[in-house]
Amino acid sequence: MRFIIVMLAVLTAVFAAPQARAQAQLLSGASSGEARSDPQGALAEALKEAAGAGLSVVVIDTAGNVIAAPQAGVAQSADGTAAEGDAGHSASPLMQAQAQVDTFRSTLRDRLQALPNSLIEVAFILRATSPDGRIMTYVEALFWTLLLFVAGRFFTTEVYGKRIARRFVVSRIKSDPQGYSEKMPFLVFRFFMGIIGTLVTMVFAYAAGSLIFGSVDDLSLQFTITAIYTTFFACRVVADLWRMILSPFLTQYRIPRFSDRDALRLYRWAIVLASLDISFLVFATWLNDFGLNYNVYAIMFGALTLLTTILNIAMIGFNGRAISSAIRNGRRPEEVSGLIRFLSYAWAPAVIVYFVFGWLKLAFDLVLEAPTSIPLIAGLYGVLASIIVVYGVINYFIERFFARSRALRDMNAADAVPAQGETEGEDAATASAAPAGIRPQQPITTYEELARRVSGILAFVAGTMMTVQIWDGGELLADGTVPDRALDVVIILFIGYVIYHAFRIWIDSKIAEEGGDAPEGELGDEGGANSASRLATLLPLFRNVILIVVVVTIGLIALLEVGINVSPLFAGAGVVGLAVGFGAQALVRDIFSGAFFLFDDAFRKGEYIDIGSVKGTVEKISVRSLQLRHHLGALHTIPFGEIQVLSNYSRDWVIMKLKLRLTYDTDVERVRKLVKNLGQDLLNDPVIGDNFIQPLKSQGVIEMQDSAMIVRVKFMTKPGDQWLVRKKVYEEIRAMFEREGIKFAHREVTVRLADEPKAPLSDAQKEAITAAAEAAIDEDMMEGGPSGGDDR
């Protein structure tokens, strides 16, 4: 954080240097002519500028005795008096940043001015340390070592690669590997085979160099050759690592979603930049450890890292679009979540800013000769590669752990595949219902998906923590700081997220098990055939309770972690509960009524019920109400407290009674026998035969009307199946009566006139006849009509 303030202060303090002037005046002892004529005034001016720059001042006399020492909260004035300030007050961070910027500018100017002399000194030291007094000896050592590496690489390719490694690597290549469990073993195996190849190259180069040039006894040459070997090994390892990640030459083993062209281009950029970073870092280390002039080391290292920073920014420009697509897993921006879409757009500017600030910090530390560790750019690449590799390894073990459950799930899914025509129709309907180009977000449905999500979150958090450690060295996350508490809160929220989803997945799996293989009812049917079990009805409510408990618990723990006392919250919750209890009695009644309905198992999800005013299939149950879907499509929401009587048509069995209007000349006994035979035939029907509990039978004549006698038939089925059976029974009875010559009676109303008319009826007489017929029909309907009579 201090470095960021320094960088911001550069913009405001680049042309101002009051602190440097104050230091110069103090160190020079006010040696100008004005100072010699008025030493007290010159000293006063110097003290003013020093105090303005935030410097502590120590005044000594010509003999070296201390006249005035700095005191906390006291600034020395020119006449020896002390001007008191705020106790314990120090310079502001902006003032300190300005002072550091001024120091950086002056130090950089001094180093640049001293660079020619520093180069002469470096040349002298290199000649003195060279075994033959020539600087070119080190260049020749580099040239011959690289030439030996080329020969060793050729030997490794022809002997080790083609005759040994290829036999083991090619035999393991699959045409279509699936998942991390099949890709990671081959990629890791090929990575280690590449490491062995690099070691073979180095051994060959070392052996050939020993045979050609003999042993090297000079320490400076030994150190130089060791640095070259270290650079070669590190570059080859990084190249093999990027080859494992991007798999530019084996498309089927590529885990990130890149095209062949994008993967190959990014791979080449990555190995070139990594080789330059490693080479420049080792070269700078060689300069520093060789004991050469620090000015040369600092300026050379800063210039080389500036070059790599520019190349890294160019790499983002050439490969940014491909990397953004890979972040979205090859999908379009509108098909991913908002967070993924934001990351795919924001990563490039953020990384460019990181590169620029990383180089500025490195340059700042080099000029001021501050301790430096791994450069931030190289550290970022190391963090990124480590996260990718660790994420892949974790997902490999996740897939191996869940392999058995995944295989069982795939087998069950294959067995449950519906008919091809139905599937195509459903897919077409789903595709037409969803907006074009929009993919609905799928929830986490299995523990394997949850484990993958958790591994991704942990990898991201670990990478962020490692980056913070590289930047700040752990000071930002020290105990008791605001970021440290915020991190604790994030960890608590993450634990709550995992706990809730673990419970939710378990509950959803139990609901699926309770649901079994029962087919879903069609839209618009009468319902009641596909009722859920009691456990499947209660588990969704339990899931909501779990969510509330987890949210409340995690929220309280987070408040405690921040330092908020939650005891008053509990007292306030009690008061609020009493107020709600008195002010929302209807709500309390609904909740308790619903609890007792569910405890009594009065209804379940999917059952067809009638509560007097409305009826329909139970579609959703909440804490205070339920929703009924009428077979005509209307959705009714009824609070539990409003239910007085509840009739459930989906329990155990259902008797369906059908009334038939027959003419008076119909043989009732014959009808009974025909219906009985039809009932036996329907028991063997391939569609509805298994739905019968009791077969179709006739109950005889139950009512005599003016124009017809009412014959009733009945049958018993499983709940919900009566609607389908009723359709079939009506169809078969109509066909049977037509074959047997049995006539259905039509509704008739006979109106007799008191006097037989001799002339045509007048309009008034016709209206009177019509009114009499309508009155008779209305009276018949009031008495029960076609649905009247004994229903036992």
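This structure is a prediction, so every number in the text was calculated from the model and none was measured. (Residues numbered from 1 in each chain as written. Predicted model: local features only at pLDDT ≥ 70, side-chain atom pairs only at ≥ 80, totals over all residues. Heavy atoms only, no water.)

## Concerning the overall build of the protein chain
How we decide: Numbering of helices and strands runs from the N terminus, with a helix taken as a DSSP run of H or I at least four residues long and a strand as a DSSP run of E at least two residues long. Each residue is placed in one exposure class: buried if its accessible area under a 1.4 Å probe, protein chains only, is under 20% of its type's maximum, exposed if it is over 50%, and partly exposed if it falls in between. Residues are treated as being in contact if the distance between any of their heavy atoms lies within 4.5 Å. The Shrake-Rupley method, run with a 1.4 Å probe sphere, supplies the accessible areas, and residue values consider only the shown protein chains as cover.
Counting its secondary structure elements, the protein chain contains 22 helices and 12 strands. When each of the 792 residues of the protein chain is scored for burial, the buried share is 33%. Put simply, 70% of the contacts in the protein chain that link residues at least 6 apart link residues at least 24 apart. With the model as given, the accessible surface of the protein chain reaches about 47,100 Å², and the carbon-plus-sulfur share is 62%.

## Let's talk about the pattern of salt bridges
Spelled out, the test is: Salt bridges are counted wherever a side-chain nitrogen of Lys or Arg sits within 4 Å of a carboxyl oxygen of Asp or Glu.
With the rule as written, the count across this model stands at 19 salt bridges. Two residues, R134 and D132, come together in a salt bridge whose shortest N-O distance is 3.1 Å. Between R670 and E740 there is a salt bridge, with its nearest N and O atoms 2.6 Å apart. With R670 in helix α20 (residues 668–683) and E740 in helix α21 (residues 722–740), the pair connects residues that are 70 residues apart, well separated along the chain. Taking the relative accessible area as the measure of exposure, R670 reaches 34% and is therefore partly exposed.

## Here we look at the confidence of the model for the protein chain
Where we set the bar: By definition, pLDDT measures how confident the predictor is in each residue, and it falls between 0 and 100.
Put simply, the protein chain has an average pLDDT of 76, and 73% of its residues get 70 or more. Counting contacts from residues 418–441, a segment whose pLDDT is below 50, to residues more than four positions away or on other chains yields 10 contacts.

## Details of the pairing of strand β7 (residues 625–629)
Stated precisely, the cut-off is as follows: Strand pairing follows a simple DSSP-based rule, namely that at least 2 bridges must link the two strands.
Here strand β6 (residues 615–621) runs beside β7; their pairing, made up of four bridges, is antiparallel. Across the sheet, residue K620 finds its bridge partner in β7, namely Q627. The hairpin turn running from β6 into β7, its antiparallel successor, is three residues long. By the bridge criterion, five bridges tie β7 to strand β8 (residues 635–639) in an arrangement that is antiparallel. Its bridge partner lying in β8, R629 is registered against L635. Linkage of β7 to β8, two consecutive antiparallel strands, is achieved through a turn of five residues, within which G633 is found at a positive phi near 110°.

## Observations regarding the sheet that holds strand β9 (residues 647–648)
Note on sheets: strands pair through backbone hydrogen bonds, and any given pair is parallel or antiparallel. Strand order in this open sheet of five strands is β8-β7-β6-β5-β9, and the pairing throughout is antiparallel. The outermost strands of the open sheet, each flanked by one partner alone, are β8 and β9.

## Thoughts on the packing of helix α9 (residues 260–289) against helix α10 (residues 294–327)
The line we're drawing: In this analysis, axes come from line fits to C-alpha atoms, helices being fitted only over the stretch in contact, and the angle between any two N-to-C directions falls in the range 0 to 180 degrees. Angular relationships are summarised with four words: roughly parallel below 35 degrees, roughly antiparallel beyond 145, roughly perpendicular across 65 to 115, and oblique for the angles in between. When residues are grouped by polarity, Ala, Val, Leu, Ile, Met, Phe, Trp, Tyr, Cys and Pro land in nonpolar, Asp, Glu, Lys and Arg in charged, and all others, Gly among them, in polar.
Running from N to C, α9 and α10 point in directions that differ by 170°, and their axes come no closer than 10 Å. With respect to α10, the element α9 is oriented roughly antiparallel. Considering only residue class, the contact of α9 with α10 consists of 20 nonpolar, four polar and three charged.

## Observations concerning the nonpolar core
One recurring pattern in soluble globular proteins is that nonpolar side chains are buried together. We apply this condition: Among buried residues, the Ala, Val, Leu, Ile, Met, Phe, Trp, Tyr and Cys ones that are joined through side-chain atoms within 4.5 Å form a nonpolar core.
By size, the foremost hydrophobic cluster in this structure holds 33 residues, and its most contacted members are W242, L246, F258 and Y381. Mapped onto this core, the elements with two or more residues apiece are α6 (136–170), α7 (179–213), α8 (219–246), α9, α10, α11 (338–367) and α12 (376–401). Contacts of Y381, omitting those with residues within four sequence positions, involve W242, L273, D277, N312, M315 and F355.

## A word on the packing of helix α5 (residues 93–129) against α10
We apply this condition: Crossing handedness is defined as follows: a turn of the near helix away from the far one that is anticlockwise and smaller than a right angle gives a left-handed crossing, while the clockwise case is right-handed.
Where α5 contacts α10, the axes come no closer than 8 Å and their chain directions differ by 115°. With respect to α10, the axis of α5 lies roughly perpendicular. Handedness of the α5/α10 crossing: left-handed. Counting all contacts with α5, which are made through R111, L112, A114, L115, S118, L119 and V122, the residues of α10 involved are Y294, N295, V296 and I299. Residue classes in the contact of α5 with α10 are distributed as eight nonpolar, two polar and one charged.

## Quick word on α7
Since the α-helix packs 3.6 residues into each turn, any two residues three or four apart lie on the same face. As a reminder of what qualifies: By this rule the span expected of a helix is its residue count minus one, scaled by 1.5 Å.
Between its terminal C-alpha atoms α7 stretches 51 Å, which fits the 51 Å expected from 35 residues at 1.5 Å a residue. Of the residues trailing α7, G214 is marked for its positive phi of about 80°.

## Observations regarding α11
The test is simple: Two axes enter the bend calculation: one fitted to the seven residues ending at the residue in question, the other to the seven starting there, and the bend is the angle between them.
End to end, α11 covers 43 Å across 30 residues, agreeing with the expected 44 Å (1.5 Å per residue, within 8%). Of all the bends in α11, the greatest reaches close to 45° and is centred on A346; the proline P349 follows between one and four positions later.

## Looking at unusual backbone geometry
Although it is not a glycine, S247 adopts a positive phi angle of roughly 40°. Relative to the elements of secondary structure, S247 occurs in the loop between α8 and α9. With a relative accessible area of 1%, S247 lands in the buried category. One non-glycine residue, N329, lies in positive phi territory at about 60°. As for its placement among the helices and strands, N329 is situated in the loop between α10 and α11.

## Details of the sheet that holds strand β11 (residues 692–704)
Across the sheet, which stays open at both edges, the three strands sit in the order β10-β12-β11 with antiparallel pairing between neighbours. Lying at the two open borders of the sheet, with one neighbouring strand each, are β10 (654–662) and β11. Strand-to-strand twist across the sheet, computed as the mean angle between neighbouring axes with direction ignored, equals 20°. Across seven bridges, the pairing between β11 and strand β12 (residues 709–717) is antiparallel. Within β12, the position partnered with E703 by the bridge is I710. Across the sheet, α20 lies against β10, β11 and β12, angled at about 165° from β11, the strand it touches most. Relative to β10, α21 is tilted by about 25°, and along the sheet it contacts β10, β11 and β12.

## Overview of a nonpolar patch on the surface
As a reminder of what qualifies: In this scheme, patches are assembled from residues that exceed 30% relative accessible area and form no salt bridge. Like charges are connected within 9 Å, while nonpolar side chains (Val, Leu, Ile, Met, Phe, Trp, Tyr) are connected within 5 Å.
Together, F143, W144, L147, V150, L211, I212 and F213 make up an exposed nonpolar region whose accessible area comes to about 790 Å². Mapped by element, the contributors of at least two residues to the nonpolar patch are α6 and α7. Per element, the largest residue contribution to the nonpolar patch is four residues, and it comes from α6. On the secondary structure map, F213 appears in helix α7. Judged by relative accessible area, F213 falls into the partly exposed class, the value being 47%.

## A few points about the packing of aromatic side chains
As a reminder of what qualifies: Stacked, edge-to-face and tilted are the three classes for Phe, Tyr and Trp ring pairs, Trp counted by its six-membered ring, which pair at centre distances within 6.5 Å; planes under 30 degrees apart are stacked, over 60 edge-to-face, the rest tilted. Only Lys NZ and Arg CZ are tested; either one counts as a charge over a ring when it is within 6 Å of the ring centre and within 35 degrees of the ring normal.
Under the definition given, this model contains 20 aromatic pairs. Between the aromatic rings of F249 and Y267, the centroid separation amounts to 6.1 Å while the plane-to-plane angle is 80°, which identifies the pairing as edge-to-face. Here F249, found in the loop between α8 and α9, pairs with Y267, found in helix α9; they are 18 residues apart in sequence, far enough to count as distant. On the basis of relative accessible area, F249 is assigned to the exposed category, the value being 52%. By the ring-pair criterion, three or more aromatic residues cluster together here, those being Y138, F283 and W286. We note R172 situated over the ring of F189; from NZ or CZ to the ring centre the distance is 4.2 Å.

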